[in-house]
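Analysis of the macromolecular model
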Amino acid sequence: MALQDVSGFQDTPMSHMWNSPASLSGPMGDTTPLLDMADERILGWGRFKSSERDGGVPLRFFIPPPQSSVPFRCDNRHTSLSSLSTSSSPPTRRPFPLSHGTTTLAFVFQGGVIAAADTRASCSGLVACPSAQKILPIHSHLLVTTSGSGADCMLWERILAREIRLYQLRHGRRLSITGSAKLLSHMLHPFKGTDVCVAATLCGWDVEEVRVEEFKGKRVDRMGSGRDDSISPAKRPVEETVMSTSDACSQDDLTDSACERTRHAVTDVDLTRSPVRDRCGPKLFYVCSDGTRLQGELFSVGSGSPYAYGVLDGEVRWSLNEEEAISLAREAVYRATHRDAYSGNCVDLFHITAQGYCRRDREDLREEYHRERERVLKRGKEESEEDKK
Amino acid sequence: MFATQVYGDNGKMKEYHYTGPVEHRFSPYSFNGGTVLAVAGEDFAIVASDTRLSEGYSIHSRDSPKCYKLTDTTVIGCSGFHGDCLTLTEIIDARLKMYKHSNNKCMTSGAIAAMLSTILYGRRFFPYYVYNIIGGLDEEGKGAVYSFDPVGSYQRDTYKAGGSASAMLQPLLDNQIGFKNMEGVQHLPLSQEKAVQLVKDVFISAAERDVYTGDALRICIVTKDGIKEETVPLRKD
């Protein structure tokens, strides 16, 4: 489907992107020629071939008509997402609970970004899955830690990965972490007010490839489309060249002449201060389905996050080294799983550097409990021996 | 389902008195019971389900199995609301045919699982009330089990129980197949005969304690030679 879009086989959704939620109106009133109203039983929900042609959100949803005293109303043309939250009668009550409850955390330090999460997927009291994966890699330099409803997170992460890949194919460069966060936030916005529950932290490293030999002393303009979502043209910092690793354009493609750049080698980055506000380097964003989008250096999300914050706030510093950071993240998840009923089982740990992400083996925290118990016993014994002396 | 309104919070029966007019909203959902189980082995997969179809206090049918054959290497088990199970399997069949005609090959188990996830999520705001478990062989010929929640979240497992008795069966499977919480036990790989026997024992236990499970057990064994079906009687009370 992606190839079809790129080769122009179908209308590109980009041409009418993100218009009003009314475009998501129920399939009954849709006029797409693919729908065969007579064969409503199988194709009536119009999700199959036409899912890529949707001008709005990149996945077509079936919106149930608001319940009214007159059943079987055929005039569903004006059904839209907003009617879900503002209708006088509540939407169809679900007879089953959805999965919730977790501890995820991420922080930035001088060696990159650490992301850690537990692996328990709970479903109102029952552990639906003891080995869920809550940290999902999107590409080599971007991870998403997911929290909230399991299905929502999984599907929206897939949609985000697809849109980032489409962007890369269309524009020849990889979308920045800031841009990805904004993309996810805008994709979730039409669902504000519904019970979609996604609270994700995007952890990544914006990679800028600097061709040092070619640009010695030369001022170079920005490559490609030159548009970075996060910074308007007037405010772009002057000291950076921006060429993503996937950029195959020649350096003569000077489409954006609004600002001029000088060379800034990655090796000159000052390691003693946090460069999270610069264009390249480690980035951490928190995106929530209620519209929040925040950039920061430390986030913890989920029912176990207060416990994780307690451990992290005291210890996280920019100057941590890699082992300290990893053991700190592990300790925070361990303490949170100990206190929070909805977190538990194992801990997943990922570390992102300029070279990409690397994953530590999943560790079962059961062993850690045994070790902790032995430590406590040993401490108790030592203290009683000291008292005797 | 109405039984829950008869007993109050302290466990005693509520006193019956007139509380005023009550509006009973039409619920498009109903719970038809049933349990589904799937186990993946080294070169086989087993999908098993009971065959009882119930609603409230009644039994609609004693011979309504919940395993549906999708391709030569994939079987799906669906339990929950029977109407949604039927429609969902018809939609999956139609999508499989469309895929076969446009791509000239059958969908693999992993692809079916990913497709089912998007089908289910397309109905995020009016979900299919179905608990799905897909069992089959992956591209390398190894057994694969994919378990779903009603809105499309899924993952690959070695074994999974779904449906009304899932909370009873899953811990038993964790212990017997996953060797969880057992100290000093040799982790032997599961053979096909042992797996089939385990499934039968597990369902016999489920029929003892879950009212919605019983009547008969239908087992589908998926190997590279095809799909074999077996029926075993269970308690009918």
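Predicted, not measured: the structure shown is a model, and the values here were computed from it. (Residues numbered from 1 in each chain as written. Chains lettered and ligands numbered in written order. Predicted model: local features only at pLDDT ≥ 70, side-chain atom pairs only at ≥ 80, totals over all residues. Heavy atoms only, no water.)

**Some thoughts on the overall build of chain A**
When you go through chain A residue by residue, the secondary structure sums to eight helices and 15 strands. A burial count over chain A gives 48% of its 389 residues as buried. Residue pairs in contact within chain A that sit at least 24 positions apart in sequence constitute 70% of those at least 6 positions apart. In the structure as shown, chain A presents an accessible area of about 19200 Å², 52% of it carried by carbon and sulfur atoms. (Helix = DSSP H or I, 4+ residues; strand = E, 2+ residues; numbered from the N terminus. Buried < 20%, exposed > 50% of the residue type's maximum accessible area, 1.4 Å probe, protein only. Contact = heavy atoms within 4.5 Å. Areas by Shrake-Rupley, 256 points an atom, 1.4 Å probe, with all protein chains shown as cover.)

**Overview of the pattern of salt bridges**
Tallying each qualifying case throughout the model produces 24 salt bridges over all chains. When the shortest N-O distance is used, the salt bridge between B:Lys142 and B:Glu140 registers 3.1 Å. Classification of B:Lys142 by relative accessible area gives partly exposed; the value is 36%. B:Glu140 sits in the exposed class, given a relative accessible area of 62%. Within the structure, one salt-bridge network assembled from shared partners comprises A:Arg330, A:Glu331, A:Arg335, A:Glu368, A:Arg371, A:Glu372 and A:Arg375. (Salt bridge = Lys/Arg side-chain N within 4 Å of Asp/Glu carboxyl O.)

**A word on a negative patch on the surface**
All names here are of chain A. Together, Glu382, Glu383, Glu385, Glu386 and Asp387 give the surface a local cluster of negative charge. Within the secondary structure, Glu386 is located in helix 8 (residues 365-388). Taking relative accessible area as the criterion, Glu386 reaches 57% and is therefore assigned exposed. (Patch = residues over 30% accessible without salt bridge, like charges linked within 9 Å, V, L, I, M, F, W, Y side chains within 5 Å. Lys, Arg positive; Asp, Glu negative; His and termini not counted. Charge placed at Lys NZ, Arg CZ, Asp CG, Glu CD.)

**Describing the packing of helix 4 (residues 150-171) of chain A against helix 2 (residues 109-121) of chain B**
The N-to-C vectors of helix 4 of chain A and helix 2 of chain B enclose an angle of 110 degrees; their axes lie 11 Å apart at closest approach. Taken together, the axes of helix 4 of chain A and helix 2 of chain B lie roughly perpendicular to each other. Between helix 4 of chain A and helix 2 of chain B lies a crossing whose hand is left-handed. For the pair helix 4 of chain A and helix 2 of chain B, contact is made by A:Ala151, A:Asp152, A:Leu155, A:Trp156 and A:Arg158 and by B:Ala114, B:Ser117, B:Thr118 and B:Tyr121, respectively. Residue classes in the contact of helix 4 of chain A with helix 2 of chain B are distributed as five nonpolar, two polar and two charged. (Axes fitted to C-alpha atoms, helices over the stretch in contact; angles between N-to-C directions. Parallel < 35°, antiparallel > 145°, perpendicular 65-115°, else oblique. Left-handed = near helix turned anticlockwise from the far one by under 90°. Nonpolar A, V, L, I, M, F, W, Y, C, P; charged D, E, K, R; others polar.)

**Describing the environment of B:Leu172**
Residues and elements named next belong to chain B. Relative to the helices and strands, Leu172 is located in helix 3 (residues 166-176). A residue is classified by how much of its surface remains accessible, and Leu172, at 33% relative accessible area, is partly exposed. Distance in space between the C-alpha atoms of Leu172 and Ala161 is 9.9 Å, their sequence separation being eleven residues.

**Some remarks on unusual backbone geometry**
Residue and element names in this part refer to chain B. Of note, Phe179 is a non-glycine position whose phi angle comes to about 50 degrees, a positive value. A positive phi angle, near 75 degrees, is found at Asp215, a position not held by glycine. Take Asp215: it is sitting in the loop between helix 4 (192-209) and strand 11 (216-223).

**What about helix 3 of chain B?**
All names here are of chain B. Those residues of helix 3 that fall on the buried side of the exposure criterion are Ser166, Leu169, Gln170, Leu173 and Asp174. Down the axis, helix 3 shows its buried residues gathered within 140 degrees of arc, on one side only. Of the surrounding elements, those touching the buried residues of helix 3 are strand 1 (35-40), strand 10 (159-163) and helix 4. (Arc of directions from axis to C-beta.)

**Structural notes on the sheet that holds strand 5 (residues 135-139) of chain A**
Residues and elements named next belong to chain A. Spatial ordering of the open sheet is given by 5-6-7-10-11, a layout of five strands whose pairing is antiparallel. Of all strands in the sheet, those bounded by a partner on one side alone are strand 5 and strand 11 (293-295). Within the sheet, the average angular offset between the axes of one strand and its neighbour, ignoring direction, is 20 degrees. In the sheet, strand 7 (residues 199-206) pairs with strand 10 (residues 281-288) via eight bridges, with the strands oriented antiparallel. (Pairing = 2+ DSSP bridges.)

**Description of the confidence of the model for chain A**
Regions with low pLDDT should not have their predicted coordinates read in detail. All names here are of chain A. Per-chain confidence: chain A averages 69 in pLDDT, with 57% of residues scoring 70 or above. Within chain A, strand 11 carries the highest mean pLDDT (94), whereas strand 9 (residues 256-261) carries the lowest (36). In this model, residues 8-56 is a region of pLDDT below 50 whose contacts with residues beyond four sequence positions or in other chains number 90 contacts. In the model, residues 210-276 has pLDDT below 50 throughout and makes 121 contacts with residues more than four positions away in sequence or in other chains. (pLDDT = per-residue confidence, 0-100.)

**Some remarks on the packing of aromatic side chains**
Residues and elements named next belong to chain B. By the definition in use, this model includes 13 aromatic pairs over all chains. Ring plane angle 85 degrees and centroid distance 5.8 Å describe the contact between Tyr29 and Tyr129, whose orientation is recorded as edge-to-face. Note that Tyr29 is positioned in the segment before strand 1 and Tyr129 in the loop between helix 2 and strand 7 (130-137), a separation of 100 residues in sequence. One aromatic cluster is present, built from ring pairs that chain together Tyr29, Phe31, Phe126, Tyr129, Tyr131 and Tyr212. The lysine or arginine in question, Arg123, covers the ring of Phe126, its NZ or CZ lying 4.9 Å from the ring centre. (Phe/Tyr/Trp six-rings, centres within 6.5 Å; stacked < 30°, edge-to-face > 60°. Lys NZ or Arg CZ within 6 Å of the ring centre and 35° of its normal.)

**Concerning the sheet that holds strand 6 (residues 74-80) of chain B**
All names here are of chain B. The five strands are arranged 5-6-7-8-9 in an open sheet whose pairing can be described as antiparallel. Single-partner strands in this sheet number two, and they are strand 5 (67-71) and strand 9 (154-157). Looking at each pair of strands side by side, their axes are set apart by 25 degrees on average, direction ignored. Pairing between strand 8 (residues 143-148) and strand 9: four bridges, direction antiparallel. Paired with Ser147 across the bridge in strand 9 is Gln155. This element, helix 1 (residues 82-103), spans strand 5, strand 6 and strand 7 of the sheet and lies at about 10 degrees to strand 5.

**Considerations on the pairing of strand 4 (residues 58-61) of chain B**
As judged from the three bridges shared by strand 3 (residues 53-55) of chain B and strand 4 of chain B, these two strands associate in the antiparallel manner. Pairing of B:Ser54 across the sheet is with B:Ile59, part of strand 4 of chain B.

**Section: the nonpolar core**
All names here are of chain A. Counting residues in hydrophobic clusters, the biggest one holds 29 residues, and the most contacted among them are Trp156, Leu160, Leu184, Val196 and Leu202. Of all elements in the fold, only strand 6 (142-145), helix 4, helix 5 (177-188), strand 7 and strand 10 reach the threshold of two or more residues within this core. Sort the elements by how many residues they give to this core and helix 4 lands first, with eight residues. Setting aside its immediate chain neighbours within four residues, Leu160 contacts Ile138, Val144, Ser180, Leu183, Leu184, Met187 and Leu202. (Core = buried A, V, L, I, M, F, W, Y, C linked by side-chain atoms within 4.5 Å.)

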